[in-house]
Amino acid sequence: MQKRAVASAIAALLLLGACAPGSSAEDADKDQRSPLDKAPAQIAAIIDPDGGTVAPGSSRFIPDFYHTFLLDYVKRTAENVCLEREGYRGALDQWDAPDPLYKVAVTQPPWLPEQAERFAFLPPQPLADLLGNGVIVQTASAEQATSYEKHRAERVAASEAFAEAQGTAEYKSAKAACATDPDVKRWEGVDLSAKSSGPWLAEFQDDMASAFQDPQMRAIKNDFVACIEGEGLEPASPSDASFDGLYAVKGQSLAKIDEQQVRLAVVVADCKESTEAVAREMAIWSRYEAATYAKYERELTEARTYLEGLYGELDDYVASHS
Amino acid sequence: MKKSRVFSTITALALTVAAGLAVAAPASAADYDCASGGTCFWISTNFTNSSVRITSTKADLTNYDYASGAVSNNTSSISSNQSDCIYSYQYDYYLAPWNGGSGSYIYFLKGQRDPLLSNGGGNGAYNDEDWDNRISSNWFKGC
């Protein structure tokens, strides 16, 4: 919890610094404030130790995976409800609702020690996804592994049954009738990304590249490396490092979650905490992104408003149909 | 999907008919066929030349070799046919960030495909960008 306290405190300081009352001279000329100071709630990095998320501020303007999944789930549900109402009784393309773990976004995992203990160097996600991608999860119980195999077999069988059912006259007839169903039409017409695409996406990518080249990042890396070396680990060579190379350690792997990987990951998470690396890093990253935000403030505000509206509608739909 | 350049079966058939070509016979004979349970990556457009089929994680696609080279940054068309996972995500970084965060990506649902990644590909906020020879990693979600 110490980490949480530190992260929260630094995040709060970032915001407080931006919101603190200024001198009369500052008040007289507010345009002197940095782009980050002008809109911290809109573009500062998301650092939420309670929810487990750490992500750049630009992620607010792009559909998150949880709601991407939720929209597709709602589209499927609306159609299935209609098909059954039209009298169709064959196999359906039925999905489970998205796992709440998908709400957790972690840039450069692991972040929190508890995430490191559960997922090692992989980002938080359901066990089925880990196994479905071939990750060797030695920390999973035999029961969990068996349950996954059963779930997978059911999925494959259901997929095959639905593929076959799509060729039946009964399905085709009901499907045609549902094309005009208001609920089906309403959700089929929704594109979560409709307002997210634009030149800012490439510029946010450039911001990320620039942030990781910032001289202050080198200081963070030096502190982090000193910490892991104190714990007996070595930094990864550049060719083995992740996309930024900041926190990569020798021996880390995306292919397995076992005792050794968990041990390495916990050291990484602890060192991030003791050096305050994540808060420092995200503050630098936010500074670069803030300039892009200021440039496209109107479009990005529109994108955020659009997404929040749809997220709310999706959550409401699911609540009313569960 | 407004920006989607994903070719559904219906769209593909419609285009084939519109072009005055004979409708391909069984779906199993189509060029874009990808055996159930995986996502297929082709080195050339229109699902031609060498391909690989991925069924489990290979964050670094260079582990999969086309007959004439590595997959990473060398893919021009995709067909997604995974049966146990709903989504197949492709990223332009070796170590992909997931569930948000940073990095660009596109994704395909089962049954979706794209014959020409250079004019955009798949779904998602980045799908109208040039994705030819850009994909570096793949991850399944919703398994």
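The model shown is predicted, which means the values in this text are computed figures rather than measured ones.

Q: Whenever I open this one, the confidence of the model for chain A confuses me. Can you help?
A: Caution applies to low-pLDDT regions: their predicted coordinates should not be interpreted in detail. All names here are of chain A. Summarising the model, chain A shows a mean pLDDT of 89, and 88% of its residues fall at 70 or more. Here helix H1 (residues 2-19) stands out as the element of chain A with the lowest mean pLDDT, 45, in contrast to helix H9 (residues 169-178), whose mean of 98 is the highest. Within the model, pLDDT remains below 50 along residues 5-24, and this stretch shows 15 contacts once partners closer than five positions in the same chain are excluded.

Q: In this structure, what is going on with the sheet that holds strand S8 (residues 113-114) of chain B? I would like to understand it.
A: In sheet architecture, strand pairing relies on hydrogen bonds along the backbone and comes in two forms, parallel and antiparallel. Residue and element names in this part refer to chain B. Taken together, the 4 strands give an open sheet; going across it, the order is S2-S1-S5-S8, and neighbouring strands pair in antiparallel fashion. Edge positions in the sheet fall to strand S2 (51-54) and S8, since each of these pairs with one other strand and no more. Looking at chain direction, strand S1 (residues 38-42) and strand S5 (residues 77-81) are connected through 5 bridges and run antiparallel. Bridging from a neighbouring strand, Trp 42 pairs with Ser 77 of S5.

Q: What is the right way to look at helix H15 (residues 297-320) of chain A in this model?
A: Side chains that are three or four residues apart share a direction in an α-helix, a result of its 3.6 residues per turn. Residues and elements named next belong to chain A. Taking 1.5 Å per residue as the helical rise, H15 with its 24 residues ought to reach 34 Å, and the 34 Å between its terminal C-alpha atoms agrees with that figure. Among all positions in H15, only Leu 300, Ala 303, Leu 307, Leu 310, Tyr 311, Leu 314 and Tyr 317 are buried. In this fold, the buried residues of H15 make contact with helix H5 (65-85), helix H10 (182-188), helix H11 (199-213) and helix H14 (277-295).

Q: Is there a simple way to think about the interface of chain B and chain A in this case?
A: The accessible area lost on association of the parts is a frequent measure of interface size. The interface is formed by 37 residues belonging to chain B together with 46 residues belonging to chain A. Counting the surface lost from both chain B and chain A, the interface buries some 3,500 Å², and carbon and sulfur atoms represent 57% of this. Counting across the chain B and chain A interface gives 1 salt bridge. For the salt bridge of Asp 84 of chain B with Arg 152 of chain A, the shortest nitrogen-to-oxygen distance reads 2.7 Å. One can count 13 residue pairs in polar contact (both at pLDDT 80 or more) joining chain B with chain A. Mapped onto the side of chain B that touches chain A, the elements with two or more residues apiece are strand S6 (87-91), strand S7 (105-109) and strand S9 (137-141) of chain B.

Q: I keep staring at the environment of Cys 143 of chain B and nothing clicks. Help me out?
A: Along the chain, Cys 143 of chain B falls in the segment after S9. Residue Cys 143 of chain B is classed as buried on the basis of its relative accessible area, which comes to 7%. C-alpha separation for the pair Cys 143 of chain B and Ala 30 of chain B, spaced 113 residues apart in sequence, amounts to 26 Å. The residues contacting Cys 143 of chain B, other than those within four sequence positions of it, are Tyr 102, Ala 128, Asp 129, Gly 132, His 151 and Arg 155 of chain A together with Asp 84 and Cys 85 of chain B.

Q: Help me out: how do you make sense of the packing of aromatic side chains in this one?
A: Two aromatic rings, taken as a pair, are described by how far apart their centres are and by the angle between their planes. Overall, the coordinates contain 25 aromatic pairs over all chains when judged by the stated rule. Measuring from centroid to centroid gives 6.3 Å for Trp 95 of chain A and Tyr 87 of chain B, while their planes differ by 70°, and the two rings are edge-to-face. With Trp 95 of chain A in the loop between H5 and helix H6 (113-119) and Tyr 87 of chain B in strand S6, this residue pair bridges two chains. For the residue pair Trp 95 of chain A and Tyr 87 of chain B, the accessibility class agrees, reading buried in each case. One aromatic cluster is present, formed by Phe 65, Phe 69, Trp 95 and Tyr 102 of chain A together with Tyr 87, Tyr 89, Tyr 91, Tyr 105, Tyr 107 and Tyr 126 of chain B through successive ring pairs. The ring of Tyr 89 of chain B is capped by Lys 141 of chain B, whose NZ or CZ atom sits 4.3 Å from the centre of that ring.

How each quantity is defined
Residues numbered from 1 in each chain as written. Chains lettered and ligands numbered in written order. Predicted model: local features only at pLDDT ≥ 70, side-chain atom pairs only at ≥ 80, totals over all residues. Heavy atoms only, no water. pLDDT = per-residue confidence, 0-100. Helix = DSSP H or I, 4+ residues; strand = E, 2+ residues; numbered from the N terminus. Contact = heavy atoms within 4.5 Å. Pairing = 2+ DSSP bridges. Expected span 1.5 Å × (residues − 1). Buried < 20%, exposed > 50% of the residue type's maximum accessible area, 1.4 Å probe, protein only. Buried area = accessible area lost by both parts, 1.4 Å probe. Salt bridge = Lys/Arg side-chain N within 4 Å of Asp/Glu carboxyl O. Polar contact = N/O pair within 3.5 Å; in protein donor to acceptor, adjacent residues only side chain to side chain. Phe/Tyr/Trp six-rings, centres within 6.5 Å; stacked < 30°, edge-to-face > 60°. Lys NZ or Arg CZ within 6 Å of the ring centre and 35° of its normal.

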